[in-house]
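Listed below are the residues making up each chain.
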Amino acid sequence: MSKRARRAAPAPGAARPTVTVCRGCCCGTPKVPGLDHAAQLRGLRQELDGAATVRATDCLDACERANVIVVQPSAEGRRNGGRPVWLGMVNDLEATADITAWVKAGGPGLADPPGILDLYAFHPSRRVQAGLHDE
C-alpha cells in the first residue's frame, strides 16, 4: 500500500472552501433592505452543496459593510497562497451568484475571482479577523 493510500482522510470541510455568511446584528436583518436574506443563505447552501461548507455566524463586527460574506480557501487553496477574502455589501443576487461561481471554480488560491468582486472586497482589522478564526 502506498503512503498516499494510508494517509488519514482530511478533516471535514478541509478539502473544500468555507463560506461564512454573517447573520448578526445588521447583516441578514431589515436594517439592510431590498434583499431576501433567508433566500440568499438558502441559495448559497443549495448552489454550493458538495463544493463548499456554507455556515451562518453571528456578528462579524463589520456592520458598516453589511451583508458580509467571508470565503476561506480549501486546504489546497491555502497551500497555493489563497487567503480568506472578506466581501462586504453583498446585497444583491448578482454578487451572490458571482461568489457562488468563484467558489465552485475552487475559490481563493485555486481560481481568480470575477473582477466585479474587487468592488466588494475589504480588509478587516486583525481583531475582527481573529474573531472569525476563534469560532
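Thresholds, definitions, all that
Residues numbered from 1 in each chain as written. Predicted model: local features only at pLDDT ≥ 70, side-chain atom pairs only at ≥ 80, totals over all residues. Heavy atoms only, no water. Helix = DSSP H or I, 4+ residues; strand = E, 2+ residues; numbered from the N terminus. Expected span 1.5 Å × (residues − 1). Buried < 20%, exposed > 50% of the residue type's maximum accessible area, 1.4 Å probe, protein only. Arc of directions from axis to C-beta. Contact = heavy atoms within 4.5 Å. Polar contact = N/O pair within 3.5 Å; in protein donor to acceptor, adjacent residues only side chain to side chain. Disulfide = S-S within 2.5 Å. Core = buried A, V, L, I, M, F, W, Y, C linked by side-chain atoms within 4.5 Å. Salt bridge = Lys/Arg side-chain N within 4 Å of Asp/Glu carboxyl O. Pairing = 2+ DSSP bridges. Axes fitted to C-alpha atoms, helices over the stretch in contact; angles between N-to-C directions. Parallel < 35°, antiparallel > 145°, perpendicular 65-115°, else oblique. Left-handed = near helix turned anticlockwise from the far one by under 90°.

Participant: Explain helix H4 (residues 93–104) to me, using residue names and the numbers behind them.
Facilitator: For H4, spanning twelve residues, the distance from its first C-alpha to its last is 16 Å, which sits close to the expected 16 Å at 1.5 Å a residue. Listing the buried residues of H4 in full gives Ala95, Thr96, Ile99, Thr100, Trp102 and Val103. Mapping the buried residues of H4 onto a view down its axis gives an arc of 165 degrees, with all of them on the same face. Exposed residues lying more than 90 degrees from the buried face of H4 are Leu93 and Glu94. Contact partners of the buried residues in H4: strand E1 (18–22), helix H2 (37–47), strand E3 (69–72) and strand E4 (85–87). You can read the cap of H4 off the contacts: a side-chain oxygen lies 3.2 Å from the backbone nitrogen of Glu94, and it is on Asp92.

Participant: So what about the state of the cysteines? Which residues, and what values?
Facilitator: Counted according to the given criterion, the structure contains zero disulfides. No disulfide involves Cys22; its sulfur sits 3.5 Å from the nearest other cysteine sulfur, which is in Cys27.

Participant: I'd like a rundown of the nonpolar core, residues and numbers included.
Facilitator: What tends to happen in soluble globular proteins is that the nonpolar side chains get buried as a cluster. Among the nonpolar cores identified, the biggest contains 18 residues, and Val19, Ile69 and Ile99 are the most heavily contacted of them. Those elements that place two or more of their residues in this core are E1, H2, E3 and H4. Broken down by element, this core gets its largest block of residues, four residues, from H4. If near-sequence neighbours (up to four positions away) are discounted, Ile69 is found in contact with Val19, Thr20, Val21, Gln40, Leu44, Val85, Trp86, Leu87, Val90 and Ile99. Membership of the second largest hydrophobic core comes to twelve residues, among which are Ala62, Ala66, Val70 and Val128.

Participant: If you had to explain the pattern of salt bridges to someone new, which residues and values would you point to?
Facilitator: Between side chains of opposite charge, a pair can form when the charged atoms approach closely. Enumeration according to the criterion identifies one salt bridge in this entry. Note that Lys104 is salt-bridged to Glu47, the shortest N-O span being 3.1 Å. Taken as a pair, Lys104 in helix H4 and Glu47 in helix H2 lie far apart in primary sequence, 57 residues in all.

Participant: Could you give an account of the sheet that holds E4, with specific residues and numbers?
Facilitator: Spatial ordering of the open sheet is given by E2-E1-E3-E4-E5, a layout of five strands whose pairing is mixed. The open sheet terminates on both sides in strands that have one partner only, identified here as strand E2 (53–57) and strand E5 (121–122). Each of E1, E2 and E3 touches H2; the most contacted strand, E2, lies at about 155 degrees to it.

Participant: Tell me about the packing of H2 against H4, and name the residues and values.
Facilitator: The contact between H2 and H4 brings their axes to 10 Å, and the two run at 20 degrees. Compared by their axis directions, H2 and H4 come out roughly parallel. Note that H2 runs across H4; the crossing there is right-handed. Packed against H2, whose contacting residues are Gln40, Leu44 and Glu47, the element H4 presents Thr96, Thr100 and Lys104 at the interface.

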